[in-house]
Structures are given as C-alpha cells and as structure tokens.
Amino acid sequence: MLDPLPTLQRVFGFPGFRGVQADVVARVLAGERTLAVMPTGAGKSLCYQLPSVMLEGTCVVVSPLIALMHDQLRSAEAVGIRAATLTSVDENRAETIQRFKAGALDLLYVAPERASSGHFRELLGQAKLSLFAIDEAHCVSEWGHDFRPDYRLLEPLMDAFPEVGRLALTATADAHTRADILKQLGIPNDGLIVSGFDRPNIRYSIGAKDNVNRQIADVIARNPGPGIVYAQTRAATEKLAEALGRSGRPTRAYHAGLDAAVRAKNQADFVASEDMVICATVAFGMGIDKPDVRFVAHAGLPKSIEAYYQETGRAGRDGDPAVAHLFWGADDFARARQRIGEVEPERQAGERTRLQALGALVETAGCRRRILLKHFGEDLAEDCGNCDNCLGSPDAIDATETAQKYLSA
Ligand code: ADP
Ligand code: MG
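Criteria and cut-off values
Residues numbered from 1 in each chain as written. Chains lettered and ligands numbered in written order. Predicted model: local features only at pLDDT ≥ 70, side-chain atom pairs only at ≥ 80, totals over all residues. Pairing = 2+ DSSP bridges. Helix = DSSP H or I, 4+ residues; strand = E, 2+ residues; numbered from the N terminus. Axes fitted to C-alpha atoms, helices over the stretch in contact; angles between N-to-C directions. Buried ≥ 20, exposed ≤ 12 C-beta atoms within 10 Å, placed from the backbone. Arc of directions from axis to C-beta. Contact = placed C-beta atoms within 7 Å. Near = placed C-beta within 6 Å. Nonpolar A, V, L, I, M, F, W, Y, C, P; charged D, E, K, R; others polar. Expected span 1.5 Å × (residues − 1). pLDDT = per-residue confidence, 0-100. Right-handed = clockwise from strand over helix to strand, strands pointing away. Parallel < 35°, antiparallel > 145°, perpendicular 65-115°, else oblique. Left-handed = near helix turned anticlockwise from the far one by under 90°.

Engineer: Is there a simple way to think about the sheet that holds strand E5 (residues 129–134) in this case?
Structural biologist: Pairing between the strands of a sheet comes from backbone hydrogen bonds, and it takes one of two forms, parallel or antiparallel. Spatial strand order, E3-E4-E2-E5-E6-E1-E7: seven strands in an open sheet with parallel pairing. Two strands close off the open sheet at either side, each with one partner strand: strand E3 (83–86) and strand E7 (192–194). Averaged over all pairs of adjacent strands, the angle between their axes in this sheet comes to 20 degrees, without regard to strand direction. Both strand E2 (residues 58–62) and E5 contribute to a ladder of five bridges, which runs parallel.

Engineer: Would you take a moment to explain unusual backbone geometry for this structure?
Structural biologist: Note: most residues except glycine have negative phi, and most peptide bonds are trans. One non-glycine residue, Glu136, lies in positive phi territory at about 50 degrees. Here Glu136 lies in the loop between E5 and helix H7 (154–159).

Engineer: Could you clarify how one ought to interpret the sheet that holds strand E13 (residues 322–328) in this entry?
Structural biologist: Within the open sheet, the six strands sit side by side as E8-E13-E12-E9-E11-E10. Their pairing is parallel. Two strands lie at the open edges of the sheet, namely strand E8 (202–208) and strand E10 (251–254), each paired on one side alone. The average angle at which neighbouring strand axes cross in this sheet is 15 degrees, direction not considered. With four bridges connecting them, strand E9 (residues 227–230) and strand E11 (residues 277–280) associate as parallel partners. The residue bridging Tyr230 from the neighbouring strand is Ala280, located in E11.

Engineer: I tried to follow the environment of Arg252 on my own but got confused; where do I start?
Structural biologist: By secondary structure assignment, the location of Arg252 is in strand E10. Residue class for Arg252 comes out buried when judged on the 23 C-beta atoms lying within 10 Å of it. In this structure the C-alpha to C-alpha distance between Arg252 and Glu238, which are 14 residues apart in sequence, comes to 7.9 Å.

Engineer: I'm lost on helix H2 (residues 21–29) in this one. Help?
Structural biologist: Every α-helix carries 3.6 residues per turn, so stepping three or four residues along brings you back to the same face. For H2, the full list of buried residues reads Gln21, Val24, Val25 and Val28. Buried residues of H2, seen end-on, are gathered within an arc of 95 degrees and therefore sit on one face of the element. Packed against the buried residues of H2 are strand E1 (34–37), helix H3 (45–54), E5, strand E6 (165–170) and E7. Downstream of H2 by one or two residues, Gly31 has phi in the positive range, about 80 degrees.

Engineer: Can you help me understand the site of ligand 1 in this one?
Structural biologist: In the vicinity of ligand 1 there are 13 residues, among which Phe14, Arg18, Gly43, Lys44 and Ser45 approach most closely. Of the residues contributing to the shell around ligand 1, the split by class is five nonpolar, five polar and three charged.

Engineer: What should I look at first to understand helix H11 (residues 260–272) in this one?
Structural biologist: With 13 residues, H11 extends 18 Å from end C-alpha to end C-alpha; this agrees with the ideal 18 Å at 1.5 Å per step. Within the span of H11, buried status applies to Arg263, Asn266, Gln267 and Phe270. One side of H11 carries all its buried residues, which in axial view fall inside an arc of 95 degrees. Residues of H11 that are exposed and point over 90 degrees away from its buried face: Ala261, Ala268 and Ala272. Buried positions along H11 lie against E10 and E11.

Engineer: Looking at this structure, how should I read the confidence of the model for the chain?
Structural biologist: Any residue range with low pLDDT should be treated as having predicted coordinates unsuitable for detailed reading. When the pLDDT values of the chain are averaged, the result is 91; 95% of them are 70 or greater. Note on residues 395–409: pLDDT under 50 across the span, and 28 contacts to partners over four residues away in sequence or across chains. Complex prediction metrics read pTM 0.69 and ipTM 0.98.

Engineer: Which parts of the structure should I look at to understand the environment of Leu240?
Structural biologist: Mapping Leu240 onto the fold places it in helix H10 (residues 234–245). Along the backbone, Leu240 and Ala217 are 23 residues apart, and their C-alpha atoms lie at a distance of 9.1 Å. Those residues in contact with Leu240 that lie beyond four places of it in its chain are Asn213, Ile216, Val229, Ala231, Cys279 and Ala299.

Engineer: Looking at this model, I keep getting lost on the pairing of E3. Mind explaining?
Structural biologist: On a regular strand, one side chain projects to one face of the sheet and the next to the other, so that they alternate. Here E3 shows a buried face lined by Ala83 and Thr85 and a second buried face lined by Ala84 and Leu86. Strand direction decides the pairing type here: E3 and strand E4 (residues 107–110), joined by four bridges, are parallel. Bridging from a neighbouring strand, Ala83 pairs with Leu107 of E4. The β-α-β motif built from E3, the intervening helix H5 (residues 93–101) and the parallel element E4 has right-handed crossover chirality.

Engineer: What is the right way to look at the packing of helix H13 (residues 330–342) against helix H14 (residues 345–363) in this model?
Structural biologist: Axes are the key here: two packed helices are described by the angle between their axes and the distance separating the axes. Running from N to C, H13 and H14 point in directions that differ by 165 degrees, and their axes come no closer than 10 Å. What the angle tells us is that H13 and H14 run roughly antiparallel. Note on packing geometry: the crossing formed by H13 with H14 is right-handed. Facing H13, whose interface residues are Phe333, Ala336 and Ile340, H14 presents Gln348, Glu351, Arg352, Leu355 and Gly359.

Engineer: Please clarify how the packing of H2 against H3 should be interpreted in this entry.
Structural biologist: In contact at an axis separation of 9 Å, H2 and H3 are set at 40 degrees when each is read in the N-to-C sense. In terms of orientation, H2 and H3 fall into the oblique class. With respect to the hand of their crossing, H2 and H3 are arranged in right-handed fashion. Each of Gln21, Val24, Val25, Val28 and Leu29 in H2 lies in contact with H3, whose residues at this interface are Leu46, Cys47, Tyr48, Leu50, Pro51 and Met54. Residue composition of the contact of H2 with H3, by class: 10 nonpolar, one polar and no charged.

Engineer: I tried to follow the environment of Ser130 on my own but got confused; where do I start?
Structural biologist: For Ser130, the position within the fold is in strand E5. The sequence separation of Ser130 and Val28 amounts to 102 residues, and the corresponding C-alpha distance is 9.8 Å.

As structure tokens, then:
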C-alpha cells in the first residue's frame with residue numbers, strides 16, 4: 001500500500017499524523033469501512049481529505065451544514081485539493097457536476113438531503129468514487145444529540161456502491177450511539193477507532209447560577225484572552241454582548257437570527273482577535289478553527305454532556321491552559337424536562353437518560369473529568385487535579401470589583 005506520509009507533508013505541510021489519524025487513514029486506504037470517533041480539533045477532516053488526494057476518483061463527503069461545508073471547501077482549496085460543494089445555494093452546480101463526472105474533483109461536499117434523490121444516485125453512477133465520508137455521523141442515530149432523519153438514507157445510497165469505502169466521523173458519540181452508527185451505516189464492529197477524549201489543559205469549573213451576568217463578567221475579567229460565552233437565547237447573547245462590551249473589552253453576538261453577513265463578520269473578527277469575547281447560541285462554533293480560545297463559559301445548562309464536551313472543547317486547542325465555566329440553575333433543568341415532554345414519545349427515554357447524565361456531572365462533588373470521560377467510555381486512573389472539585393475551590397464567584405466594572409451601566 002502507498003505510504004501516506006509523503007502526501008501528508010507535501011500537500012498539507014504537516015510533519016506527521018496526530019493521534020489515531022494514521023490508523024484511520026491506513027484503514028481508509030485499505031478500503032476498510034471505518035467509524036472514527038475523535039474529539040473536536042483532533043483533525044477528522046484530514047482522515048478523508050488525505051485519502052481523497054491519494055485514491056483515484058472523488059470522495060463524496062456528507063456534511064450537515066452548508067456553512068460547515070463552505071469552511072471545509074475553503075481549507076481544502078487552500079492546500080490545492082480539488083473540491084466543490086453541491087448545495088441548493090451554489091450557483092455553479094452545472095459546472096460542479098461536469099467536473100465531478102470528468103473525474104476532476106478530489107472532494108465533493110453534499111448535504112444529506114441529496115442522498116434521498118434518485119437524481120443524485122444516478123449522478124454518482126456516472127462518476128468514479130473513491131470514498132464515502134460521513135461527517136458528524138452521530139446525526140444518523142436517534143441516540144445522538146442531533147438526529148437528522150436524512151442521514152438514514154445514506155446507507156441505502158452507499159449500498160448501491162458496495163465497492164466504495166466508507167468512513168464515518170464524529171466527535172460526540174457515547175457507547176450506545178457508536179453502536180447505533182455502526183449498525184445504521186453498515187460498518188463492522190471492528191471498524192471502530194476511538195481516540196483519547198481527555199483535554200488535560202482545560203480546567204472544568206461548574207457552579208450554581210447566582211447573578212449569571214455578573215458571574216460571566218467575572219470570568220471574562222479574569223481571562224484576558226479570546227473566549228466564547230454560550231447563552232440560552234438569541235436575545236440573551238445580544239444583551240450579554242452589550243453589557244460586557246461596556247468595559248471596553250471587544251465583544252460580539254452570534255446567533256442564527258443575525259443577518260448572514262453580520263454573522264460572518266462577527267465570526268471573522270473573533271477568529272482574528274486576541275481578546276474578543278463572542279456571546280453566542282450553540283449555532284456558533286461548528287467548524288471554527290481558532291486554536292487560542294482561552295475560555296468557554298456557559299450561562300445556563302448545555303443540551304447534553306456531548307454538547308458540553310464539544311462546546312468546551314473549542315477552548316485551548318493549542319494545548320495551552322484554558323478554562324471552561326458552566327453556571328446552571330434548577331430553572332435550566334425544569335426547561336429541559338419541559339423540552340423532553342415535547343419530543344416524540346419514543347425519544348423521551350433516551351433524552352431523559354441524557355439529562356440525568358448531565359445532572360450527575362453538574363452535581364458531583366467528585367472529579368468532573370472522571371465523569372466526563374466515563375461518559376465516553378474512558379476510565380481516569382486518578383482524580384484529574386484540574387477541575388473545581390479537585391482544586392477544592394467550587395469557584396465561589398462574587399461580584400468582584402472587576403466584574404462590577406464590566407456590568408455597571
Ligand atoms: P475536527 O473535525 O476533528 O474537529 P479538523 O479536521 O477541523 O478537526 O482539524 C482541526 C485542526 O487540526 C485544523 O487546523 C487542521 O489543519 C489541524 N490538523 C489536522 N491534522 C493535523 C496534523 N497531522 N498535524 C497538525 N495539524 C493538524
Ligand atoms: Mg470536523
């Protein structure tokens with residue numbers, strides 16, 4: 001088999017593989033169906049981008065968000081990979097289809113909705129395919145936190161091309177979800193590769209909401225580097241951004257209700273900044289590549305442990321110390337229970353289990369990291385020494401003078 005290392009160095013400019021990337025790429029090049037579970041920032045994209053350059057034909061990448069696809073497209077093109085997206089917003093669809101059929105694309109990014117169209121299946125039959133890459137593969141599972149029914153159509157589509165390899169990728173699957181992804185996408189059990197989930201440089205701290213805006217202000221006062229504050233509602237992100245901005249600290253809001261141009265600008269400003277605070281809903285973060293985020297703060301309970309892990313995982317990707325603060329209250333749990341009451345009955349048990357797991361994490365007096373990692377199937381031998389409980393400082397955050405400065409009108 002071809003050695004992928006020279007291509008890694010020549011095309012991507014990286015000296016070597018990170019973590020399990022080498023194993024995943026080797027399996028893909030050997031045509032073995034694989035599910036790679038790797039934390040955010042571990043470098044999942046490379047696991048299909050590199051083979052797409054080495055293998056003959058086009059790698060079809062299924063990705064759930066158009067914004068995500070366009071980010072990926074830019075980064076692939078930046079290193080000279082021949083890539084295109086095929087989505088409803090692309091104006092050059094005819095040209096892309098031409099290039100695809102002519103074998104002039106390494107990567108073709110598509111949304112899962114495409115999979116259901118007979119048209120698309122026909123199109124795939126007219127090109128040479130190197131690989132199916134299913135990004136954010138937890139979307140195929142009702143156990144995952146982001147079920148997308150269209151992902152269920154991928155397996156029949158891929159079955160029409162049995163000789164083409166399959167690589168599913170996700171950051172966020174617990175054991176139950178992993179088993180389900182394997183089943184739903186026709187990947188054998190021994191095709192699972194899981195990389196370490198621990199992010200030792202992130203200090204976890206979880207406490208009760210008191211005056212949450214003040215608590216957040218205190219976090220940002222103590223952390224001068226770039227940070228993300230997750231708020232529960234669009235209105236809350238704007239209010240927080242405004243309140244925190246009065247101190248002179250650059251702040252921006254980010255949520256799906258903002259004009260696309262404003263959103264893109266705020267995101268770009270944040271990525272370029274060394275001290276900006278972005279107050280966002282969970283719409284922010286997927287596909288954002290900013291290694292030096294120094295803190296992530298949650299003003300309220302995230303949706304699940306997976307979501308918490310993924311959102312806090314945007315801090316400290318450069319390996320330098322970073323902090324993750326979560327402030328929660330009984331009202332968050334009440335809202336979550338109400339939300340669960342509104343989902344389809346067959347999903348309620350799963351959602352309740354997920355909420356309980358989250359409750360165990362926020363309420364524990366023990367090591368937070370142990371509970372977090374246990375959720376992803378990893379056992380921590382010793383207490384981590386880098387969470388609020390291990391450090392014996394359940395972060396009693398008062399309205400300090402610095403915090404006052406951030407909030408006084
Ligand atoms: P994920 O999808 O797992 O969250 P990405 O694919 O977006 O992660 O990659 C995260 C970052 O890591 C990107 O900036 C990417 O260029 C970088 N990266 C990936 N593989 C390597 C490697 N082998 N060496 C150095 N940097 C890498
Ligand atoms: Mg990714």
